[in-house]
Amino acid sequence: MNTLTQKALAAAVTLGLALAGASAQAGVITTVSTGNNGFTVATTDLLAGRAGTIVGNVNSEESLATDTSGVSLTDGAFGQVSIDGHTNPGMIQIHNGVSITYSLGANASGYTINAINSYTGWRDAGRYQQDYTVQFAYAGTPTTFVNAFSVAQHPNSGTSAFVSTFDNTGGSLASNVVGVRFNFANVQNGFVGYRELDVIGAAAVPEPASLMLFGLAAAGLVGARRRAAKRA
């Protein structure tokens, strides 16, 4: 394969996957539920057991001995509802300005995202409101994160909150996603007790536009080989 053909193939792959991801985004709706007894969280979502890259302050405050590694956000458990009088490995205190980035896996076409759920819990309503922006990176451009949607949910009853974001037509939020980033800003009272982040979805398959570009690249490769054979 000559250099020109390699570049054409790479460009076709990148363009096809980027177009597929961009075309999948649609209308977004966010709902919030509150309570005093915690929530059941997903155990097999796309973030389950994954370690995110944390930038910013997640130090434990108020002598609560909370998680500072981020493992509590993807362990498939809400954690203890009460937070006083014991350690709290099931909660992480996310301060203003924190970002957390996750790589979703090795599927070449990325993943289709159907919903994103987030859970918070505190001793009262003082540190459980949710404010963040979600960014997606797509197959073909895995290091470029673009804004997808923002959450600003400010309930004032109960001690825990469950926020779910999904497409309001029943479709997916996005396709061909390879990375998800959460950027936390305007955090309630300086920091909030987060319990879990769930990304609900499945491995994506190439869409028709991507398949067409793959086909064109493959045809170009075959033609180049035939021309090279004739010159030999």
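The present account deals with the structure reproduced in this document. (Residues numbered from 1 in each chain as written. Predicted model: local features only at pLDDT ≥ 70, side-chain atom pairs only at ≥ 80, totals over all residues. Heavy atoms only, no water.)

Below, the discussion takes up the pairing of strand β5 (residues 99–103). With four of five residues buried, β5 is to be regarded as a mostly interior element. Direction of pairing for strand β2 (residues 53–55) relative to β5: antiparallel, over a ladder of three bridges. Along β5, the bridge assignment pairs Thr53 with Thr101. Strand direction decides the pairing type here: β5 and strand β10 (residues 174–184), joined by five bridges, are antiparallel. Within the sheet, the bridge partner assigned to Tyr102 lies in β10 and is Val180. (Buried < 20%, exposed > 50% of the residue type's maximum accessible area, 1.4 Å probe, protein only. Helix = DSSP H or I, 4+ residues; strand = E, 2+ residues; numbered from the N terminus. Pairing = 2+ DSSP bridges.)

Next up on the list: the packing of aromatic side chains. On inspection of all chains with the given rule, the structure shows eleven aromatic pairs. Centre to centre, the rings of Phe39 and Tyr119 are 6.3 Å apart; their planes meet at 50°, and the pair counts as tilted. Of this pair, Phe39 sits in the loop between β1 (28–35) and β2 while Tyr119 sits in strand β6 (residues 111–121), and the two are 80 residues apart along the sequence. Given a relative accessible area of 22%, Phe39 falls into the partly exposed group. Where Phe184 meets Tyr194, the ring centres are 5.1 Å apart and the plane angle is 70°; that geometry is what we call edge-to-face. Of this pair, Phe184 sits in strand β10 while Tyr194 sits in strand β11 (residues 191–203), placing them ten residues apart in sequence. The burial state of Phe184 is the same as that of Tyr194; both residues are buried. Taken together through their ring pairs, the aromatic side chains of Tyr102, Tyr132, Phe182, Phe184 and Tyr194 make up a single cluster. Its guanidinium or amino end placed over the ring of Phe191, Arg127 lies 3.8 Å from that ring's centre, counting from NZ or CZ. (Phe/Tyr/Trp six-rings, centres within 6.5 Å; stacked < 30°, edge-to-face > 60°. Lys NZ or Arg CZ within 6 Å of the ring centre and 35° of its normal.)

Most of strand β4 (residues 88–95) sits out of view: seven of its eight residues are buried. Bridge count between strand β3 (residues 66–67) and β4: two bridges; the pairing is parallel. Along β4, the bridge assignment pairs Thr66 with Asn88. One ladder, built from four bridges, connects β4 with β11; its direction is antiparallel. Looking across to β11, one finds that Ile94 is bridged to Val192.

Moving on: the environment of Asn59. Structurally, Asn59 is set in the loop between β2 and β3. Classification of Asn59 as partly exposed rests on a relative accessible area of 46%. Along the sequence, Asn59 and Gln93 sit 34 residues apart, while their C-alpha atoms lie 6.6 Å from each other.

Let's shift gears to the pattern of salt bridges. In the structure shown here, the tally under the stated rule is three salt bridges. Salt-bridge contacts for Arg123 lead to Glu62; the nearest nitrogen and oxygen are separated by 2.9 Å. Taken together, the positions of Arg123 in the loop between β6 and β7 (130–138) and Glu62 in the loop between β2 and β3 put the pair 61 residues apart, joining distant regions of the chain. Residue classification places Glu62 among the partly exposed positions, given a relative accessible area of 41%. For the salt bridge of Asp84 with Arg123, the shortest nitrogen-to-oxygen distance reads 2.7 Å. Residue Asp84 is located in the loop between β3 and β4, and its partner Arg123 is located in the loop between β6 and β7; the two are separated by 39 residues in the primary sequence. (Salt bridge = Lys/Arg side-chain N within 4 Å of Asp/Glu carboxyl O.)

Geometric values such as these leave the question of function open.
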